[in-house]
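Spelled out, the chains give:
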Amino acid sequence: MIFTTEKINQFNALLTNAKKVVITAHKSPDGDSIGSSLALFHYLSKEHGDVSICHPDKAPHFLHWMLGFDEVIAHQENEAQVTQLMQDADLIFCLDYNSPGRIGKMDDLLAKSTAKKIMIDHHRDPAEGFVDLMFSDPQTCSTAQLIYELMEARNDLDKIDRETSEAIYTGLITDTGSFRFSSVTPKTHEIAAHLISNGLHHSTIHENIFDTNTENRIKLTSFALLEKLVVVRDLQTAYISLTQAEQTRFDAQKGDTEGLVNQALSLAGVKMAIFFKESDGIIKISFRSVATIPVNDLARNHFQGGGHRNASGGKFVGKMDDAISKFVTILPNFVEENKSHFE
Ligand code: 5GP
Ligand code: MN
């Protein structure tokens, strides 16, 4: 139980004493960072007059339908406004990230802010000392679930309206592969059941998120699978890479490569999948694994990253070929060291 009475009392005191509240979440927004931000925004707005959402950059199109989405101010697009809001804030929420390095160029604003800070997050190994109150639980599937549990702990479940409900549900399904990852617990389903009992149209949300492909996106995916998938059978690993030029060829938009790495992981006999994506002059790397294979070790030890055991990310500063070479060189050792997990 992370929402203890003592910590909820601290939460209440921080909120009561704050005039201006800002909600932040990690760079490259996903369904959980947007979902948890909007859920908290809709919830707090009922008892607090001045709440804003500031994110490092804008979310992909498949999340723009969300109620209240226009409230999210992206630093990348409105630097002056975000700077002002962060400077004026008395209380800043850090949602769905565990260290200041995850909010890109907003890290400086966070560091300089004199506001009190509350983290609500589910990533492992939260950085110490950058928040005043920490609600961190790596066992929980999504930050959206933690927002629900926060509302529950404050006896506010009756305040869940359509906006809050859709935002929480979005976080749940996007961070759990639609309720299939091992992070899903009975509680996750209980929350979904409660939301649906309250009138949530779950199938519409799935359609809004998963059935809005463009022709270009499907063709980019097809190209990646047909031409760029490499399967290292004996090491039960598959990887895909996409250079900037290849993405440009299919006019790739933000979010278009989301989920591609899971397709590689879906291969029979493959237990680990990697996706290399050239982006802003560096190589962003996504790692996915099954069972107990700790890809976050790989991301942390070799690619300046981290994350969850089965889903992590990192980066390589340099060329695509060199990123792949580095990975291919490391791979046999990693598999050997983690032999028991690959069996
Ligand atoms: P994705 O592959 O979807 O970009 O990221 C999967 C997960 O890996 C994220 O939810 C996040 O926990 C983690 N992650 C991604 N990129 C980074 C990074 O650069 N640093 C750290 N520490 N974690 C990352
Ligand atoms: Mn999350």
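Each value, and the rule that gives it
Residues numbered from 1 in each chain as written. Chains lettered and ligands numbered in written order. Predicted model: local features only at pLDDT ≥ 70, side-chain atom pairs only at ≥ 80, totals over all residues. Heavy atoms only, no water. Helix = DSSP H or I, 4+ residues; strand = E, 2+ residues; numbered from the N terminus. Rg over C-alpha atoms; globule rule 2.2 N^0.38 Å. Contact = heavy atoms within 4.5 Å. Areas by Shrake-Rupley, 256 points an atom, 1.4 Å probe, with all protein chains shown as cover. Lys, Arg positive; Asp, Glu negative; His and termini not counted. Charge placed at Lys NZ, Arg CZ, Asp CG, Glu CD. Core = buried A, V, L, I, M, F, W, Y, C linked by side-chain atoms within 4.5 Å. Buried < 20%, exposed > 50% of the residue type's maximum accessible area, 1.4 Å probe, protein only. Pairing = 2+ DSSP bridges. Axes fitted to C-alpha atoms, helices over the stretch in contact; angles between N-to-C directions. Donors = N, O, S within 2.8 Å, 3.2 Å for Na, K, Ca; no water. Near = heavy atom within 4 Å. Polar contact = N/O pair within 3.5 Å; in protein donor to acceptor, adjacent residues only side chain to side chain. Nonpolar A, V, L, I, M, F, W, Y, C, P; charged D, E, K, R; others polar. Phe/Tyr/Trp six-rings, centres within 6.5 Å; stacked < 30°, edge-to-face > 60°. Lys NZ or Arg CZ within 6 Å of the ring centre and 35° of its normal.

Colleague: Looking at this structure, I do not really get the overall build of the protein. What am I missing?
Modeller: The secondary structure content of the protein amounts to 14 helices and 12 strands. The C-alpha atoms of the protein give 20 Å as radius of gyration, which agrees with the globular expectation for 343 residues (20 Å, within 12%). Of the contacts formed within the protein by residues at least 6 apart in sequence, a portion of 65% connects residues at least 24 apart. Approximately 15,800 Å² of the protein is accessible, and the part contributed by carbon and sulfur atoms is 47%. Taking the 33 positively charged and 46 negatively charged side chains of the protein as two groups, their mean positions are separated by 3 Å.

Colleague: Explain the nonpolar core here, please?
Modeller: As a rule of thumb, soluble globular proteins bury nonpolar side chains together. Grouped together as the largest cluster of nonpolar side chains are 52 residues, with contacts concentrated most on Leu40, Phe93, Ile118, Ile120 and Ile168. Take this core: its biggest share by element is 7 residues, from helix α2 (residues 31-45). When neighbours within four sequence positions are excluded, Leu40 is seen to be in contact with Ile23, Phe93, Leu95, Ile147 and Leu150.

Colleague: Honestly, the sheet that holds strand β6 (residues 133-136) in this entry has me stumped. Any pointers?
Modeller: Either a parallel or an antiparallel arrangement is found when strands of a sheet pair, and the pairing is made through backbone hydrogen bonds. Judged by pairing direction, the sheet is parallel, and its 6 strands sit side by side in the order β3-β2-β1-β4-β5-β6 without closing on themselves. Of all the strands in the sheet, just β3 (72-74) and β6 have a single pairing partner and so form its edges. Averaged over all pairs of adjacent strands, the angle between their axes in this sheet comes to 20°, without regard to strand direction. Pairing analysis gives 4 bridges linking strand β5 (residues 116-121) to β6, with the strands arranged parallel. By the bridge assignment, Ile118 is partnered in β6 with Leu133. Sheet strands in contact with helix α1 (residues 5-16) are β1 (21-25), β4 (91-95), β5 and β6, and its direction is about 130° off that of β6.

Colleague: What am I meant to see in the coordination of the manganese ion (ligand 2) here?
Modeller: A metal bound by six donors in octahedral fashion has ideal angles of 90 or 180 degrees, whereas one bound by four tetrahedral donors has an ideal angle of 109.5 degrees. The coordination sphere of the manganese ion (ligand 2) contains the protein donors Asp32 (OD), Asp96 (OD), His122 (NE2) and Asp175 (OD), at a distance range of 2.2 to 2.3 Å. The sequence motif formed by the donor residues of the manganese ion (ligand 2) is D-x63-D-x25-H-x52-D. Note that Asp32 is positioned in helix α2 and Asp96 in the loop between β4 and α4 (107-112), a separation of 64 residues in sequence. We note that Asp32, like Asp96, is buried.

Colleague: Explain the site of ligand 1 here, please?
Modeller: Every residue lining ligand 1 is accounted for by Arg102, His123, Lys284, Ser286, Arg288, Gly305, Gly306, Gly307, His308, Ala311, Ser312 and Gly313. In this structure, Gly313 approaches ligand 1 through a main-chain N or O atom, which is 3.1 Å from an oxygen atom. Here ligand 1, which alone exposes 490 Å², has 75% of that area covered by the protein. Elements represented by at least two residues in the shell around ligand 1 include exactly β10 (282-289), β11 (306-307) and β12 (311-316). Its residues assigned to classes, the shell around ligand 1 comprises 1 nonpolar, 8 polar and 3 charged.

Colleague: Can you help me understand the packing of aromatic side chains in this one?
Modeller: Two measures describe an aromatic ring pair: the distance that separates the ring centres and the angle between the ring planes. Tallied over the full model, the rule gives 11 aromatic pairs. With a centroid separation of 5.8 Å and 40° between ring planes, the pair formed by Phe287 and Phe303 is classed as tilted. In this pair, Phe287 sits in strand β10 while Phe303 sits in the loop between α12 (295-302) and β11, placing the two residues 16 residues apart along the sequence. By relative accessible area, Phe287 is classed as buried at 0%. Ring centres of Phe334 and Phe342 lie 6.3 Å apart, and the angle between their planes is 85°; this geometry places the pair in the edge-to-face category. The same class applies to Phe334 as to Phe342, namely buried. Chaining the aromatic ring pairs together yields one cluster made of Phe3, Phe11, Phe93 and Phe135. Taking the ring centre of Phe303 as reference, the NZ or CZ of Lys326 above it sits at 4.9 Å.

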